[in-house]
Amino acid sequence: MLAVFQAIEGAGAQGAQVETMAKGLGAPPHVIERIAMWLLKYDFIRRI
């Protein structure tokens with residue numbers, strides 16, 4: 001979860017892509033999406 005958060009924060013204003021994070025973190029895309037949804041739900045990240 002922390003790695004996904006850091007990847008999203010590191011992407012900055014350009015945004016992060018699920019496929020890119022999945023490859024970089026070695027996790028399935030659906031896992032990255034679920035973590036991102038959780039981070040959005042609890043306001044750790046924001047959709048621009």
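Details of the structure are given in the entry above.
Everything numeric in this text was worked out from a predicted model, so none of it was measured.

Tallying secondary structure elements over the protein chain gives three helices and zero strands in all. Helices and strands in the protein chain line up, N terminus first, as α-α-α. Over its C-alpha atoms, taken along the principal directions, the protein chain stretches across nearly 25 × 20 × 15 Å. Counting only residues that meet the buried cut, the protein chain has 21% of its 48 residues in that class. Residue pairs in contact within the protein chain that sit at least 24 positions apart in sequence constitute 39% of those at least 6 positions apart. Total accessible area on the protein chain is roughly 3,800 Å²; 56% of this is exposed by carbon and sulfur atoms. Looking at charge distribution, the protein chain has the averaged site of its 5 positive side-chain charges lying 4 Å from that of its 4 negative ones.

Counted by the stated rule, this structure contains two aromatic pairs. With a centroid separation of 5.0 Å and 50° between ring planes, the pair formed by tryptophan 38 and tyrosine 42 is classed as tilted. Residue class for tryptophan 38 comes out partly exposed when judged on its relative accessible area of 36%. Their ring planes at 15° and their centres at 5.5 Å tell us that tryptophan 38 and phenylalanine 44 sit as a pair that is stacked. Of the aromatic side chains, those joined through ring pairs into one cluster are Trp38, Tyr42 and Phe44.

On to the layout of surface pockets, then. Of the volumes computed, that of the largest pocket is approximately 480 Å³. Looking at the largest pocket, it is lined by 16 residues, and the ones nearest its centre are Ile8, Ala16, Ile45, Arg46 and Arg47. By residue number, the principal contributor to the lining of the largest pocket is helix α3 (residues 29–41), which donates four residues. When its residues are assigned to classes, the lining of the largest pocket shows 10 nonpolar, two polar and four charged.

Here is what the cut-offs are and how they apply
- Residues numbered from 1 in each chain as written.
- Predicted model: local features only at pLDDT ≥ 70, side-chain atom pairs only at ≥ 80, totals over all residues.
- Heavy atoms only, no water.
- Helix = DSSP H or I, 4+ residues; strand = E, 2+ residues; numbered from the N terminus.
- Buried < 20%, exposed > 50% of the residue type's maximum accessible area, 1.4 Å probe, protein only.
- Contact = heavy atoms within 4.5 Å.
- Areas by Shrake-Rupley, 256 points an atom, 1.4 Å probe, with all protein chains shown as cover.
- Lys, Arg positive; Asp, Glu negative; His and termini not counted.
- Charge placed at Lys NZ, Arg CZ, Asp CG, Glu CD.
- Phe/Tyr/Trp six-rings, centres within 6.5 Å; stacked < 30°, edge-to-face > 60°.
- 1 Å grid on protein atoms, 1.4 Å probe; cavity = no way out; pocket = protein on both sides within 12 Å on 5 of 7 lines; lining within 4 Å.
- Points joined across faces, edges and corners; volume = space filled by probe spheres on them.
- Nonpolar A, V, L, I, M, F, W, Y, C, P; charged D, E, K, R; others polar.

By themselves, these are just geometric observations and shouldn't be taken as functional.
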